[in-house]
Amino acid sequence: MSESFREDMALMEEDSQKDKYLTFIVDEECFGIEIRYVTEIIGMQKITSVPEMPDFVRGIVNLRGKIIPVMDVRLRFNKPFREYMERTCIIVIDVHDLTVGLIVDSVAEVIDIPSSDVAAPPDLANRGNRFVKGIGKVGADVKLLLDCEKLLTDHEVEQLLNS
Amino acid sequence: MKWFKNMRISAKLISSFILVSLIAGIMGTVGIYNMWKVDKEYKGLYEDYGVSLGDLGSAGIDFNRNRYRLANMLLNDDQAEKERLANEIRDIENQISLNLEEFGGTIRSEENRRKFQELQQKFEMFKTSRDRVMDLALSGRNGQAIELLNTETAVLASAANDALMEMFDLRKTNGGKLSRQLSEQTNSSMISMVVTVIVMVVVSIILGVLVSRMISKPVNKLVASANQIADGDLNVIVEVESRDEVGQLALAFRKMSDNLNEIMGNIQIAADQVASGAKQISDLSVSMSQGATEQASSVEQLTASIEEIDSQTRQNAQTSNEANEIAEAAKQNALLGNNQMKEMLSAMDEINDASQNISKIIKVIDEIAFQTNILALNAAVEAARAGQHGKGFAVVAEEVRNLAARSANAARETTELIEGSIRKVEEGTKIAQETANALQSIVDDVARVSELISNIATASNEQAIGISQINQGIMQVSQVVQTTSANLEEGATTSEELSAQANLLQEQVNRFQLRKTKTGSGSSLDELSPELMELFEKMSRNKGNVPPVSEAKAAAAQQTKIDLNDYEFGKY
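Residues numbered from 1 in each chain as written. Chains lettered and ligands numbered in written order. Predicted model: local features only at pLDDT ≥ 70, side-chain atom pairs only at ≥ 80, totals over all residues.

A look at the overall build of chain A
Next, step 1: When helices and strands are counted, chain A shows four helices and eleven strands.
Next, step 2: A separation of at least 24 residues holds for 52% of the contacts in chain A among residues at least 6 apart in sequence. (Helix = DSSP H or I, 4+ residues; strand = E, 2+ residues; numbered from the N terminus. Contact = placed C-beta atoms within 7 Å.)

As structure tokens, this is what we get:
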């Protein structure tokens, strides 16, 4: 732990938020998002469901007076739904001035992944939304780096904009 | 004569006797008739001649008496006397008249009647004269009387007398003639009677002989047949000649001889059967006695085996009792172990509870670590956002994260340990449960074993009882076998006796020669006996359906030849 800390320190000494990813686990797969999008990480809270929303939008939470819509990453990725537990966290991200909470199974760590360790994702024949921006290699593991902007589709943005 | 022959013997005898008595009766009647006739004749003779002669004689005597009295009258002077004499004369005259009338009653022929009338005339003439004389005498004229008497009366008297004498002679000769005639008649009748007697005697004798022969001949024949049968020759032919008692006796004899034939035949067959049966029995006895000996030896072996089994059973019972005690002890131990196990389980449960509590606390710690991590992450995010300014913060955040990580690790490790401990406790519990189950099952098994053992003990006891009973039974069997042996010996003896008796029977039966038409003797029956046995069984089943006699005869190759002669005629 202290090594990665030193690496982080080194990296952080170098530059700002670039190449720093917050890794989380969804369905036993490790995903990462850039830290610059991440506002906060909070534990599971009461979700008030809102009707007329897509499946993966579970509802809204009240975070210190702020209403944040939350989205289940599992459902977003068409993975089977899992009941929320203690370790289930909500990563609050800020995309285009839109605050959205991502419900993930668990949060791992903040990790530094240099660009050299990031590979392009495989070509999926235009299926899906190309959530995965790249594939980051950390040691023996592989972390799927997500594109937050793509995480939210257009009509969602519209909806959120409207709400 | 056939109808006579067929009369019953009593009828025959009675009719013969009746005939004989009739003959005798006839003879008697004839004799009686003759006697009666002779008697009548003689009575006639007597009356006509004897009595009449007597009458005549009396008349003559009286006549002479009267003459005497007349003479007396004439000789007498006494009037009284004369009257008396006259009365006497008159009385006597009456008497003479009576006698003469009597005599007259017996006259039969004309000539005699004429003569008698002459006599009576003469008597009348005399009487008239005499009366005159008497009158003269009575009136005292004896002299005239005497004169009259001497002349007329005397002549008349003598004439009367002569007539009387003539009559007398006539009568006498006639009487003599008649008597001679009667004697001749009597002689002839005697002769005829003698002849008749002789004839009748002869007839009776012939009749008697005939009838007796009619009776005795067939009887003798029957006697001869009976003797023949008695001597053992059953091949007799009985002739039936009549339908009287003798004929029926002959029929009965014939039937008897037939039945005897049949019976003897059957007895012969049966005797052969008995002989063969006795032999079979004898063989059987031998084999059975062998079997009995084998039985006895088997019984010995059995007894030995039974004793072995008995001792083993006792041992079994003992061993099972021991096992029972041991099982009981084991059960007690198992129960003890079970109890200990239960206590251990409860202790382990308490451990579990404590672990759970620890776990809860660890969870809290983990929660704290998690939150701290999140906090640190947030801090890192803030630090990253802060960029340059947030480096120190980033460091702090990193340290906090490290601490959180360490806490989390520690909590995790502790959790792992606790979980491990819990798992181990669970395992231990499981094992203890299993052990408890095992012990319980041991207890159950032991209980079952105990039960089984007690069953075994009971069964062993019963076995022992059973074996002792078997022993008794075997002893009884042994006794029975001995008895059987003895009985078999007796049976063998008896069968030998039976054989001897059968032989005797056969000998006795062979004294009889059966009817000659039977083909095959008794010896061939030995070969035929199975068929015969079958036949007799069949016979006893079809009791009345088939006349057994003919079937038996047919089976033994016996064919009764039906003699088509007169003797057999009436039989069918």
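Structural notes on the confidence of the model for chain B
Residue and element names in this part refer to chain B.
Next, step 1: Of the residues in chain B, 90% have a pLDDT of 70 or more, and the chain-wide mean is 78.
Next, step 2: When mean pLDDT is compared element by element in chain B, helix α6 (residues 245-386) scores highest at 84, while helix α9 (residues 548-555) scores lowest at 43.
Next, step 3: Scored as a complex, the prediction yields pTM 0.36 and ipTM 0.76. (pLDDT = per-residue confidence, 0-100.)

Here we look at the packing of α6(B) against helix α7 (residues 391-510) of chain B
In a pair of packed helices, the angle between the axes and the distance between the axes together describe the arrangement.
Next, step 1: Two numbers describe how α6(B) lies on α7(B): the axes approach to 2 Å, and their chain directions differ by 175°. When the interaxial angle is binned, α6(B) and α7(B) end up roughly antiparallel. (Axes fitted to C-alpha atoms, helices over the stretch in contact; angles between N-to-C directions. Parallel < 35°, antiparallel > 145°, perpendicular 65-115°, else oblique.)

Here we look at the pairing of strand β1 (residues 20-26) of chain A
Residues and elements named next belong to chain A.
Next, step 1: Where burial is concerned, most of β1 is hidden: six out of the seven residues are buried.
Next, step 2: Relative to strand β8 (residues 106-112), β1 is paired through five bridges, and the arrangement is antiparallel. Among the inter-strand pairings, K20 is bridged to a residue of β8, identified as D112.
Next, step 3: Examined bridge by bridge, β1 and strand β2 (residues 29-34) share six bridges and lie antiparallel to one another. When the sheet's bridge partners are listed, I25 is paired in β2 with C30.
Next, step 4: The turn joining β1 and β2, which pair antiparallel and follow one another in sequence, is formed by two residues; a positive phi near 55° is taken by D27. (Buried ≥ 20, exposed ≤ 12 C-beta atoms within 10 Å, placed from the backbone. Pairing = 2+ DSSP bridges.)

Structural notes on the environment of B:K127
Residues and elements named next belong to chain B.
Next, step 1: Mapped onto the elements, K127 comes out in helix α4 (residues 110-138).
Next, step 2: Classification of K127 as buried rests on a count of 22 C-beta atoms within 10 Å.
Next, step 3: As for K127 and L156, which are separated by 29 residues in sequence, their C-alpha atoms are 8.7 Å apart.

Description of the packing of helix α2 (residues 9-75) of chain B against helix α3 (residues 79-105) of chain B
All names here are of chain B.
Next, step 1: The N-to-C vectors of α2 and α3 enclose an angle of 160°; their axes lie 9 Å apart at closest approach. Judged by the angle between their axes, α2 and α3 are roughly antiparallel. Like other packed secondary-structure pairs, α2 and α3 cross with a definite hand, here left-handed.
Next, step 2: Classifying every residue of the contact of α2 with α3 gives twelve nonpolar, six polar and eight charged. (Left-handed = near helix turned anticlockwise from the far one by under 90°. Nonpolar A, V, L, I, M, F, W, Y, C, P; charged D, E, K, R; others polar.)

Quick word on the sheet that holds β8(A)
Next, step 1: Pairing is mixed across the open sheet formed by six strands, whose spatial order is β8-β1-β2-β11-β10-β9 (chain A). Two strands bound the open sheet, and with one partner strand each, they are β8 and β9 (118-119) of chain A.
Next, step 2: Contacting β1 and β8 of chain A, α6(B) runs over the sheet at an angle of about 35° to β8(A).

Describing the environment of B:Q79
Residue and element names in this part refer to chain B.
Next, step 1: Tracing the sequence through the fold places Q79 in helix α3.
Next, step 2: By the C-beta count within 10 Å, which is 13 here, Q79 ends up partly exposed.
Next, step 3: Linking Q79 and L138, residues 59 residues apart in sequence, is a C-alpha distance of 6.9 Å.

A few points about the sheet that holds strand β6 (residues 89-95) of chain A
Residue and element names in this part refer to chain A.
Next, step 1: The five strands are arranged β3-β6-β7-β5-β4 in an open sheet whose pairing can be described as mixed. With partners counted over all chains shown, the strands left at the sheet margins are β3 (38-43) and β4 (57-63), one partner each. Direction aside, the axes of adjacent strands within the sheet are offset by 30° on average.
Next, step 2: With five bridges joining them, β3 and β6 adopt antiparallel strand pairing.

Some points on the confidence of the model for chain A
Next, step 1: Averaged over chain A, the pLDDT score is 79; the fraction of residues at 70 or greater is 77%.
Next, step 2: In the model of chain A, helix α4 (residues 154-162) of chain A stands out as the element of lowest mean pLDDT, 56, in contrast to strand β5 (residues 66-72) of chain A, which has the highest, 90.

Topic: the nonpolar core
Next, step 1: Core analysis: the biggest nonpolar cluster contains 52 residues, and A:L22, A:I91 and B:A380 have the highest contact counts within it.
Next, step 2: When residues of this core are assigned to their parent elements, the largest contribution, eleven residues, is made by α6(B).
Next, step 3: In this view, B:A380 contacts A:V110, B:A394, B:A397, B:E398 and B:R401; residues no more than four positions away in its chain are not counted. (Core = buried A, V, L, I, M, F, W, Y, C linked by C-beta atoms within 7 Å.)

Quick look at the environment of B:G175
All names here are of chain B.
Next, step 1: Within the element layout of this structure, G175 appears in helix α5 (residues 142-230).
Next, step 2: A C-alpha to C-alpha distance of 9.2 Å links G175 and L53, two positions 122 residues apart in sequence.
Next, step 3: Apart from residues no more than four positions distant in its own chain, G175 is found in contact with L45, Y49 and L53.

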